[in-house]
Amino acid sequence: MFRYKTSALFVMLVLLMVVLALADLAFGSVRIPFDQLLAVITGADSDQAYREILLNYRLPKVITAILAGTALSVAGLLMQTLFRNPLAGPDVLGINAGAGLGVALITMLASGTGGMLLGMGSWGLVAAAIIGAAAVLLLVLLTSIRVPDLVSLLIVGMMFGYIGGALTSVFQNISNPDTLKVFIVWTFGSLSAVSWSMMPALLLVVGLGLALSCLLIKSLNVLLIGEHYAKGLGVSVIRIRFLLILATALLAGGVTAFAGPVTFIGVTVPHIARGLFKSWDHRIILPASILCGSCLLLLCDIVTQLPGLGGNTLPINSVTALFGAPIIIWIILKRA
Amino acid sequence: MEQLLSVKYLLYITFLSGLLSCTNGKPASGRDDKPLYSQQLTYAKGFSIDYFKDYKRLIVYNPWQSGQELERYYLTSDSNCQTPLDGRRILTPVRSIVSGSCTHYAFLDMLGVTRQVTGICEARRVYNPSIRQGCLEKRIADLGDPFRMNVERCLMLKPELVMISGFNQYDENAGRLSDAGIPVVFNNEWMEQDLLARAEWIRYIACFFEKEALADSLFRLTEQRYRQLVALTGKAQGKKPLILSGDNFRGTWYQPGGRSFTAQLFRDAGGRYIYHADTTRGSIPLSFEQVYKDLAEADVWVGATNGASLKELQALDQRYTLFRPFREGNVYAYTNRITPEGGNDFWEGAVARPDLLLADFICLFHPELLPGHEWTYLKKLK
């Protein structure tokens, strides 16, 4: 009975994801007639502009939403299990702050050379974010080997985050409004920032992180019963911790580098998955988080395009928080 | 409506096929040819215009790396003409344009081409009356925030040209539009060092509409008026007034840097600005106490931004009363021409007409030089 219910839920989530993905393709700030939509999908003769919007604008965005939703949710799940803290998320290690600092550096400080970053084009911001995230990751990994207990690691991660944030503020204070706006827009996050040329790279990073996470499923289940017991079972806790941090960095750092910061998905989705499937087993919760995360981010992306916003779309980062925060409040109230 | 759409579509296809025919043909060499004629620019450093037999070449330089080219465009009115392959080919005159910055409006208006504008950013903040009218009549689409332009809507407009400001960053949206076959050109007038240089970009915009002669006479007129006004300040009798500028925000007072447009106006209009030696182009963040120590006894305060009246300013911060210009009611803001929605001609018209702006400042610092002057951009706060 239990297994049947779980499989049914999985099937429903997959269907929901497909429906949401199609809806995200179909709806946007430009209304595309249904016959044109079909024509583009089937490859029949269609308007050039519609084809451009659908294939080169909306389709990569949908794929990015799925990848980002997947990566952030799994990263959040890993961190919540590692720290045994329901409010942990992909950003607790300060990796996002590191990415932000990298972007702040080239958008605001390097006014002479940074911007176009030696002709790197759209890769400039991505490269800066990756370098920033990797620098913080390295520090956290070194700390994780040196510091035996988890709470200290959590605090150190948060401190890295604060340092990154503080330096970013310093740059903001001394920079001009135009560069400031470039940076602020980056902090909004954008699923449409990933073009086809970048997609393989994003896919690779997220794929690696995801593969690593799947290899760690058993270890994650062992961690659930406590580090001391895990040690007793002969599991190398330090090694697992190292790999978990690496996987999280690939997943969360990769998405942040390409799409900018997208908050709350990582913290909320594991809770939604656990609530839906009534389970703590990572063999169920990990794939469930992938599906829930993709669905939630697709839904959020549809919301950003709601009509009646004039020419504007809402920043994805605000929409996820507007969705995510009430869910966290609900979880806390339910437990009280 | 249907018919109109299909006509537009047809035009678009012709345009595209023109592009293809050119790229399929034998590439013409671009760099070795000598131009027949090059437009001499008096002030602007951000672009150059060269005329060849069948086309003109526009080069936009990278304002952040001196001497480096940002992009080059080849403008031709002949759809069969082959242009060099090292730059974007643009068919002129452009019949529809999307403008990504409010600083273009006044130029477009002076050239008489606002009817060709089909999309802009932040439509509710427009001051320019004819662009505003176009927005109200829905002739001009609103594409949202210029930093996050609505790409889908812009693609649907199928503009023949998208003109945007460069921001020392790769512009993702510009890349997308470009990939979709829509020519995106950069207009970096805001990075010029000099007010007249900024105004000279009218020559650049005019090229796309084949209105260079008009641009030339308009710019010469602006330049002449500006020079005459500067010469006029030589006759000023009284001492140069000491200027307090910018405004205080939570304890930090931002004053225009010594190399900013505002500082140039202070200098050209015969004012005394203590940060003239400063080399910042943006604004300089200063502590409230520093500003109080240096400028509490200034003669005039220009560019107050936080309040629309003296009362509002005082309600925000009682300490404003410590400053002499505030006590004596000599506080001015750039808000003489505004719309209720927040459009301000200071950001639009003043870019193209620095002479009007200068006249305001001269009247403020040396009223005897311009008797009967009516304010264009400056407004005295009450």
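Everything quoted here is computed from the prediction, not taken from an experiment.

**Let's talk about the overall build of chain B**
Right, so step 1: Counting its regular elements, chain B contains 14 helices and 17 strands.
Right, so step 2: The C-alpha atoms of chain B give 23 Å as radius of gyration, which agrees with the globular expectation for 382 residues (21 Å, within 12%).
Right, so step 3: Principal-axis analysis of the C-alpha atoms gives chain B an extent of 70 × 45 × 35 Å.
Right, so step 4: For chain B, the share of sequence-separated contacts (at least 6 apart) that also reach a separation of at least 24 residues comes to 61%.
Right, so step 5: Accessible surface, chain B: about 17,100 Å² in total, of which carbon and sulfur atoms supply 53%.
Right, so step 6: Positive and negative side-chain charges in chain B, numbering 46 and 44 respectively, have mean positions lying 2 Å apart.

**Examining the interface of chain A and chain B**
One frequently used descriptor of interface size is the decrease in accessible area upon assembly of the parts.
Right, so step 1: Taken together, the contact between chain A and chain B spans 42 residues of the former and 31 residues of the latter.
Right, so step 2: Interface area for chain A against chain B, summed over the two sides, is near 3,200 Å², with a carbon-plus-sulfur share of 53%.
Right, so step 3: Linking chain A with chain B are three salt bridges, by the criterion used here.
Right, so step 4: Across the salt bridge formed by Glu152 of chain B and Arg58 of chain A, the nearest N and O atoms sit 2.5 Å from each other.
Right, so step 5: Counting every contact that joins chain A to chain B gives six residue pairs in polar contact (both at pLDDT 80 or more).
Right, so step 6: For the side of chain A that touches chain B, the secondary-structure elements that each account for two or more residues are α3 (48–83), α4 (95–109) and α7 (177–187) of chain A.
Right, so step 7: Considering each element in turn, the side of chain A that touches chain B owes the most residues, nine residues, to α3 of chain A.
Right, so step 8: When its residues are assigned to classes, the side of chain A that touches chain B shows 16 nonpolar, 20 polar and six charged.

**Some thoughts on the sheet that holds strand β5 (residues 88–91) of chain B**
Right, so step 1: If you walk across this open sheet you meet the five strands as β1-β2-β3-β4-β5 (chain B), and the pairing is mixed. Lying at the two open borders of the sheet, with one neighbouring strand each, are β1 (37–38) and β5 of chain B.

**Focus on the domain arrangement of chain B**
Residue and element names in this part refer to chain B.
Right, so step 1: Assigned domains of chain B: these are domain 1 (25–223) and domain 2 (236–380).
Right, so step 2: Here the C-alpha centre of domain 2 lies 32 Å away from the C-alpha centre of domain 1.
Right, so step 3: If you look at the interface, domain 1 gives 23 residues, while domain 2 gives 22 residues.
Right, so step 4: Carbon and sulfur atoms supply 59% of the area buried between domain 1 and domain 2, which totals about 2,000 Å² over both sides.

**Examining the environment of Met191 of chain B**
Residue and element names in this part refer to chain B.
Right, so step 1: Structurally, the position occupied by Met191 is in the loop between β10 (184–186) and α6 (195–199).
Right, so step 2: Since its relative accessible area comes to 15%, Met191 is described here as buried.
Right, so step 3: Distance from Met191 to Asp268, taken between C-alpha atoms, is 19 Å for residues 77 residues apart in sequence.
Right, so step 4: Setting aside its immediate chain neighbours within four residues, Met191 contacts Pro63, Trp64 and Arg281.

**Digging into the packing of aromatic side chains**
Residue and element names in this part refer to chain B.
Right, so step 1: This model, assessed by the stated rule, comprises 28 aromatic pairs over all chains.
Right, so step 2: For the ring pair Tyr273 and Tyr275, a centre distance of 5.4 Å and an interplane angle of 75° mean the geometry is edge-to-face.
Right, so step 3: Relative accessible area serves as the criterion here: at 3%, Tyr273 is assigned to the buried category.
Right, so step 4: With relative accessibility at 11%, the residue Tyr275 sits in the buried group.
Right, so step 5: Put simply, the rings of Phe266, Tyr273, Tyr275, Tyr334, Phe346, Trp347, Phe361 and Phe365 touch in pairs and so form one group of aromatic residues.
Right, so step 6: In this structure, Arg198 is placed above the aromatic ring of Phe261, and the distance from its NZ or CZ to the ring centre is 4.1 Å.
Right, so step 7: The positively charged end of Arg319 is found above the aromatic ring belonging to Phe288, 4.2 Å away from the centroid.

How each quantity is defined
Each chain has its residues counted from 1, following the order in which its sequence is written. Numbering of ligands from 1 and lettering of chains from A proceed in the order in which they are written. With pLDDT at 70 or above as the cut-off, local features in this predicted model cover only qualifying residues; side-chain atom pairs require 80 or more to be listed or tallied, and sums for whole chains, interfaces and linings still use all residues. The basis for every side-chain value is the complete set of heavy atoms in the structure, and neither hydrogens nor water enter the calculation. Segments assigned H or I by DSSP are reported as helices when at least four residues long, segments assigned E as strands when at least two residues long, and all are numbered from the N terminus. Radius of gyration here uses only the C-alpha atoms, and the compact-globule reference equals 2.2 Å multiplied by the residue count raised to the power 0.38. Contact definition: two residues touch when any of their heavy atoms are within 4.5 Å. A 1.4 Å probe and the Shrake-Rupley method give the accessible areas. Residues count as covered only by the protein chains that appear here. Charge counting treats Lys and Arg as positive and Asp and Glu as negative, with His and both chain ends excluded. Every charge is mapped to an atom, namely NZ of Lys, CZ of Arg, CG of Asp or CD of Glu. Throughout, the accessible surface (probe 1.4 Å) given up by two parts as they are put together, summed over both, is called the buried area. Salt bridge, as used here: a side-chain nitrogen of Lys or Arg that lies within 4 Å of a carboxyl oxygen of Asp or Glu. Contacts described as polar in this section are N or O atom pairs within 3.5 Å, which, within protein, must combine one atom able to donate a hydrogen with one able to accept it, while residues neighboring in sequence count only if both atoms come from side chains. Classes in brief: Ala, Val, Leu, Ile, Met, Phe, Trp, Tyr, Cys and Pro nonpolar; Asp, Glu, Lys and Arg charged; the others, Gly included, polar. In this description, strands pair whenever DSSP reports at least two bridges between them. Annotation comment: domain bounds sourced from an automatic or database domain assignment. Classification of residues uses two cut-offs on accessible area relative to the type maximum, computed with a 1.4 Å probe and protein chains only: under 20% is buried, over 50% is exposed, and between them is partly exposed. Any two of the Phe, Tyr and Trp rings considered here, Trp counted by its six-membered ring, make a pair once their centres fall within 6.5 Å; the pair's planes then place it as stacked at under 30 degrees, edge-to-face at over 60, or tilted in between. Whether a charge lies above a ring is judged from NZ of Lys or CZ of Arg, which has to be within 6 Å of the ring centre and within 35 degrees of the ring normal.

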